[in-house]
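Next come the chains, spelled out residue by residue.
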Amino acid sequence: MKKFFVFILKSLFSNKEAIKGKKQPLWAAFIVAFISLICAALPTVISVASSKGESLVTSSTNSSLDISLPLFSKYLKDESIVLRVQDKELVTTFTETVIKAQDKDLLAVKYVTNDAEFKEAQEKFQKHFSFTSDEGVVTTGPISYIIITDTDFNVVTYKSGLQNNYNKDGTLKSYASSTSTYSGKINQIDGMDFASFYNEADGVEAKDNCMDKWKTALNKMYKPVRTNYLLLQSGIMTALNAGVMVIVTLMLFLLSKLKSNLGEKFTFVEALKVTFYASLSPALLTLILGSFIPMISTIGLVLFLGIRSTFLGMKASTPADERK
């Protein structure tokens, strides 16, 4: 066992040692591959698992949600409109409104009951504003919006003053890009009343206290969405990384069959074992660097194993007595 761990340590840095992995047990190679896949996925898993729904309103691109959400709760309370979750079901008399501040439209909110209404509301809010150029050309622009269904709470935000893209003939080419999107599950905030978030008795702290309640609600509604995204993202990454390992295995196997190859001759299983052992150091690099550089967390193993496999193939093609 001691010799095996010495081999693992040496194979982290030496392709020559990694090639010796073809003589190691297959079951051990699978364990190392499993550890590699976990290490490569960990930065992404940690990043997604630590994300919160409240980032929608705490980010610098929150599109004035820190202003419009308290105003929305105040509107519900002032108008005695019901919008609460009871027994994990939405109870509401709310239909639609546009939240304004200083005569400026900040946020559109609508309750819909089916997919057709949802799509109609989206198109309406994406063309909320009208702009007329000096040449008299009329274009449209989006407003940040919330669409509430019986099960979901959806938010899309835009920068102020954005315009949709139009063709020269005046037809719509594409909608403006949103700055952030959010989706949450209504049943996660059982007992909460959106109107009660705002309490005038809190005085000067009414807005801040209201936002704290909104943050709590956003975090709770986001939990099941985050879990689903976490499983999907980690599953895709693991499948991609495993696929890259198989590709590297095929490369080593086919390379060893070339007539010009004067080095190692691998069976497919031997090439698989070498690849699995060689994947550990790229996975550890992904774990370390991916914790600080988000982009590395998604492509790290593909990138680092791809680089190592190039030198690994060159080393394997070299006669054993000429390897350093």
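The coordinates are above.
Here is what the cut-offs are and how they apply
- Residues numbered from 1 in each chain as written.
- Predicted model: local features only at pLDDT ≥ 70, side-chain atom pairs only at ≥ 80, totals over all residues.
- Heavy atoms only, no water.
- Helix = DSSP H or I, 4+ residues; strand = E, 2+ residues; numbered from the N terminus.
- Rg over C-alpha atoms; globule rule 2.2 N^0.38 Å.
- Buried < 20%, exposed > 50% of the residue type's maximum accessible area, 1.4 Å probe, protein only.
- Areas by Shrake-Rupley, 256 points an atom, 1.4 Å probe, with all protein chains shown as cover.
- Lys, Arg positive; Asp, Glu negative; His and termini not counted.
- Charge placed at Lys NZ, Arg CZ, Asp CG, Glu CD.
- Patch = residues over 30% accessible without salt bridge, like charges linked within 9 Å, V, L, I, M, F, W, Y side chains within 5 Å.
- Salt bridge = Lys/Arg side-chain N within 4 Å of Asp/Glu carboxyl O.
- Axes fitted to C-alpha atoms, helices over the stretch in contact; angles between N-to-C directions.
- Parallel < 35°, antiparallel > 145°, perpendicular 65-115°, else oblique.
- Contact = heavy atoms within 4.5 Å.
- Nonpolar A, V, L, I, M, F, W, Y, C, P; charged D, E, K, R; others polar.
- Pairing = 2+ DSSP bridges.

Moving on, we come to the overall build of the protein chain. What the protein chain contains, in helices and strands, is 10 helices and 11 strands. Here the protein chain has a C-alpha radius of gyration of 28 Å; the compact-globule value for 324 residues is 20 Å, and the former is much larger. Seen through its C-alpha atoms, the protein chain measures out along the principal axes to roughly 85 × 50 × 35 Å. Counting across all 324 residues of the protein chain, residues that qualify as buried make up 41%. Just so you have it, the protein chain exposes about 17600 Å², and 59% of that area is on carbon and sulfur atoms. Across the protein chain, the mean location of the 36 positive side-chain charges is 19 Å away from that of the 30 negative side-chain charges.

Where like charges cluster on the molecular surface, the negative patch consists of Asp87, Glu89, Asp150 and Asp190. One can find Asp190 in the loop between strand 11 (180-185) and helix 7 (206-256).

So, on to the packing of helix 7 against helix 10 (residues 294-316). Two numbers describe how helix 7 lies on helix 10: the axes approach to 10 Å, and their chain directions differ by 10°. Between helix 7 and helix 10, the angle falls in the class roughly parallel. In this structure, helix 7 contributes Met237, Leu240, Asn241, Val244, Met245, Val248, Met251, Leu252 and Leu255 to the contact, and helix 10 contributes Ser297, Thr298, Leu301, Val302, Leu305, Ser309, Leu312 and Gly313. Its residues placed into classes, the contact of helix 7 with helix 10 shows 12 nonpolar, five polar and no charged.

Here we take up the pairing of strand 11. Side chains of strand 11 alternate between two faces, with Ser180, Tyr182 and Gly184 buried and Thr181, Ser183 and Lys185 left unburied. Note that strand 8 (residues 152-157) and strand 11 share six bridges and pair antiparallel. Looking at strand 11, one finds that Val156 is bridged to Thr181.

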